[in-house]
Structures are given as structure tokens and as C-alpha cells.
Amino acid sequence: MAKSLYQQALEVFGHAADVMQLDPNIRKFLERPQRTLIVEFPVVMDDGRVEMFTGYRCQHNTARGPAKGGIRYHPDVTIDEVQTLAFWMTWKCSLLNLPYGGGKGGVKVDPAKLSKHELERLSRRFFYEIANFIGEKRDIPAPDVNTNAQVMAWYVDTYTMHTGYPALGVVTGKPVEIGGSIGRNEATGRGVAVVASEACKLLDKDISKATVAVQGFGNVGSFSAKILHDDYKAKIVAVSDVSAAYYNPDGFDINDLIAYRDNNKGLINGYPKGQKITHEELLELDVDILVPAALENAITEENADRIKAKLIVEGANGPVTPAADRILVSKGIMVIPDILANAGGVTVSYFEWVQDLQSFFWDLDDVRAKLTKMMRAAFADVAETKKKYNVDFRTAAYVVAIERVAQAVKLRGIYP
Ligand SMILES: NC(=O)C1=CN([C@@H]2O[C@H](COP(=O)(O)OP(=O)(O)OC[C@H]3O[C@@H](n4cnc5c(N)ncnc54)[C@H](OP(=O)(O)O)[C@@H]3O)[C@@H](O)[C@H]2O)C=CC1
Ligand SMILES: O=C(O)CCC(=O)C(=O)O
């Protein structure tokens, strides 16, 4: 039987736990998600029918602080996926040294099939259902796949009806007009670009001469491509979303492509300045850097052998299965794991939360400078640990992250 996503994630955790000889009692505790709320809720559709939806919010571990992590809307959302994403958030927050534990949420829905009003009613009803489980000091959601600043605005408004006072710090990734942080929108992509640049230095590769393929052209994929293109002068030769994949050996003008997508119902299909390729071909291109920035399991045992990129920077969560990862590493491909590569988003979410709690807002240069500094510091921690244990980047990242959470658990004590 195929392994569940959570079982696959435990494999990676287990390998790092072995390498660092993690205390077996703490290991047992960290292997399980602390709590998961399941909600079944009704939404009145535009034609008057009521449809039922299922949503989840999981808090994997809160030893280092309140749970933190996004909420995803997707037809394939399951409890297993949400718990795995929360598990990954625990390690991501720890790796960046943020005072948070790991959380994640999701609603099983295809938002493309909803009108804007239906999406708003679904968002508000879901947030109402989980309102007693979350909170500024308890669990702070944020955007993920198919959710955005507008959805966060509906969430905060719904929550505020509940509290009676404006609790802006209850979610991050909000519009800047209502307590969002400037720079959160681009933050995950900026973090991907910073980490790609650090990795290129290790590989002795000039990033301004690097070719890049990006899978997924949503928040993470498009900002990764834009910042690698605009700030690091890398050549983006391939991009994809669900609707299409395009290749241009001369490099895309990413700002032109973003403008096209924004005027084309959010899709890149039909873009005239590139050659159409298949989604599989994009992943297998002979490029310097591959940024998978869509969903889990993009690179599996099936296609790992055909991957030709020299560096993979995981914009998405879990785009490479553990079996595929072993193949890539054995081929000498450097894989920068999700918990490091895409941590820019939660880092600026942390900045947003701090700004909300203090009601004192920073400027864009400040946000970018602090983000870059923290991403570089995390990269350096991982590179040093990699050397110390003579392991791959993913294992090293987990060792750093697990060590901090294990320390917190040890200091707090497991026993009531
Ligand atoms: N948003 C954030 O701050 C963070 C997100 N992440 C992770 O990054 C990943 C992407 O999230 P985000 O950018 O926010 O989500 P979005 O919903 O903004 O974008 C997802 C993109 O992936 C595309 N896509 C989905 N499936 C495929 C596929 N099989 N092949 C090619 N493209 C595909 C979508 O296409 P289409 O639009 O056509 O459906 C869309 O362009 C997720 O794994 C998420 O958990 C990680 C850290 C932070
Ligand atoms: O910004 C956040 O709080 C969480 C982002 C997220 O869900 C992720 O990093 O996967």
C-alpha cells in the first residue's frame, strides 16, 4: 500500500532523529500532531441550495509558541495532508527561529467552482467554525494554496465580530490597509530567491548566468520567478500553471507574463511568447535551477531519474517524495528543502504579527532587509550542520529544527 503523506514526512523526520540521536521519549511526542479540529459546515449557494463542506485545522506542536501556518482551499485536501503540512510548519518555524509551533488548515473545495459571494460565505463560515480553536496568542492562520489577502480580510472581519474588538493579529497575509505587512505578498518568493542565491554561491555558480524553470505560477512561483529575474538577473526559461507550461530558451520577461496572467483569469494558457511544452517536460529540462512551486509529490520515484537541474529549491511544501529525494541526492543534485526554501512567507507573517501586536508598522526596505538576514542565517545554520554530520541539506535542516523544538519540550517538561 502506498505510504500516506504523513508517513512519508515521518520517514524524513526519523532519519534526522537517528542522525542526531534524538531522545526516544521526545521523539514519540514530536511524531504526533497534538490536536486536529474537523468541521462540517453549511454554505448557502447563490441559487439558494445549501452545500456541506469539510474543513480542518491542525496544531502539530506548540512547544515553542502559538501554532502558525496557512489555510488551503483545494478539492484534494484531506486530514492527512493538513496534519502533514502542520508537521512541516513546526520544523519550518523552528528552523527560522520564530517563536511559533506548527499549524495548518484546509477546506476540501474547488474554489474555481464558486462565485465570489459563495467564496466569501464559505470563508466566513469556516473561520467562524474554527474561531474557538485559533487566536492571536493560540494559533495564527495565513494564506496558502487558493487563499489570499482578500480571504484573510474576511477571516479577520468574521473573527472580530466574535471578539468585539479588532484582533488584527489573528491572521497574517492580510491586506496592508487592515494590518497586513508590506512585503508579505512577495515574501515566500523573495525567500526562495535569497536561498537560491546562497546555494549558487556554494555551487560556485553565478546566479545571473543561471537558467531557471518554475513549476506553478501562483503566489510562490510567480514571485520567485519575478525576484530571481528582476533582482538576481537569472534567466527564467520555463514556467507552468495548471493550464499550461511554456519554454523560452532566451528567457521570459516575467513582468509581461504576470501582466498576461492577471488579464487572463489568473492563467498563463495562451501566452504567445514561448513554446508550449508538457508539464512533465518542464520538470525534466536541463536547467541550473528548478523551483517546484505548486503542490506535493511533483517529483517522485517515477521521474526523479530524469531530472537534470543542478539545484532544486523547493518553493512548494513537499514537492519531492523521500524516495525521489534519495535518487536526486545520489545523482549529486543539491536539494534545498521546503522548510528552508519557502520559509520567507512565514517569516514575514511573523513580522506582520509583531507589527499588529505593537500597532507599529515598518517600511518595505526594513521588511526585506530583515527577511534576507534571517533567511541567510538559517541557510548558514543548515550548511554548518550539513558539514558537521556529513548529511544532505534536508537532513541538516531537520536536525537544526528538531534540536530547538526538542530543547523547548525538554525545558517545559513532558509531564503535567
Ligand atoms: N503562499 C505562501 O506564502 C506559501 C506557500 N507555500 C507553498 O507553496 C505552494 C504554492 O502555494 P501558493 O503559491 O500560495 O498557491 P497558489 O494557489 O497561489 O498557486 C499555486 C500554483 O500552482 C499551480 N499548480 C497547481 N498544480 C499544478 C501542476 N500540477 N503543475 C503546474 N502548476 C500547478 C496553480 O495553477 P492554477 O492557478 O492554474 O491552478 C497555481 O499557479 C504550496 O505547496 C504551498 O503550501 C509555502 C510557503 C508559503
Ligand atoms: O505565513 C504563514 O504563517 C504560513 C505560511 C505557510 O503556510 C507555509 O509556510 O507553508
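Anything mentioned here points back to the structure above.
Conventions adopted
Residues numbered from 1 in each chain as written. Chains lettered and ligands numbered in written order. Predicted model: local features only at pLDDT ≥ 70, side-chain atom pairs only at ≥ 80, totals over all residues. Core = buried A, V, L, I, M, F, W, Y, C linked by C-beta atoms within 7 Å. Buried ≥ 20, exposed ≤ 12 C-beta atoms within 10 Å, placed from the backbone. Helix = DSSP H or I, 4+ residues; strand = E, 2+ residues; numbered from the N terminus. Domains from an automatic or database assignment. Near = placed C-beta within 6 Å. Nonpolar A, V, L, I, M, F, W, Y, C, P; charged D, E, K, R; others polar. Pairing = 2+ DSSP bridges. Axes fitted to C-alpha atoms, helices over the stretch in contact; angles between N-to-C directions. Contact = placed C-beta atoms within 7 Å.

**Considering the nonpolar core**
And step 1. Residues Val-195, Val-212, Val-313 and Leu-340 are the most contacted members of the largest nonpolar core, which totals 123 residues.
And step 2. When residues in this core are grouped by element, the largest group, 10 residues, is from helix 14 (residues 393-412).
And step 3. Residues lining this core come from more than one domain, with at least three contributed by each of domain 1 (20-167) and domain 2 (185-341).

**Examining the site of ligand 2**
And step 1. Near ligand 2 there are 13 residues, and of these Gly-70, Ala-142, Gly-345, Val-346 and Ser-349 occur at the shortest range.
And step 2. When contributions to the shell around ligand 2 are tallied by element, the ones reaching two or more residues are strand 3 (67-74) and helix 12 (344-358).
And step 3. Taken together, the residues of the shell around ligand 2 sort by class into two nonpolar, eight polar and three charged.

**Overview of the site of ligand 1**
And step 1. The local shell around ligand 1 holds 27 residues, among which Gly-216, Gly-218, Val-242, Ala-316 and Gly-345 are the closest.
And step 2. Here the shell around ligand 1 takes three residues from helix 7 (residues 219-230), the largest share from any one element.
And step 3. A class-by-class count of the residues in the shell around ligand 1 yields 10 nonpolar, 15 polar and two charged.

**Describing unusual backbone geometry**
And step 1. Non-glycine residue Asp-204 carries a positive phi angle of around 60°.
And step 2. Looking at the element boundaries, Asp-204 is found in the loop between helix 6 (184-203) and strand 6 (211-215).
And step 3. Here the phi dihedral of Ser-359 falls at roughly 50°; this positive angle occurs in a residue that is not glycine.
And step 4. Residue Ser-359 is classed as exposed on the basis of its 9 C-beta neighbours within 10 Å.

**With respect to the sheet that holds strand 11 (residues 311-313)**
And step 1. Strand order in this open sheet of seven strands is 9-8-7-6-10-11-12, and the pairing throughout is mixed. Strands with a single pairing partner mark the edges of an open sheet, and in this sheet they are strand 9 (275-277) and strand 12 (334-336). Neighbouring strand axes in the sheet, compared pairwise and without regard to direction, differ in orientation by 25° on average.
And step 2. Alignment of strand 6 against strand 10 (residues 289-292), held across four bridges, turns out to be parallel. Pairing of Val-212 across the sheet is with Ile-289, part of strand 10.
And step 3. Packing against the sheet, helix 7 makes contact with strand 6, strand 7 (235-240) and strand 10, and its axis sits at approximately 165° to strand 6.

In short, shape yes, function no, at least from these values alone.
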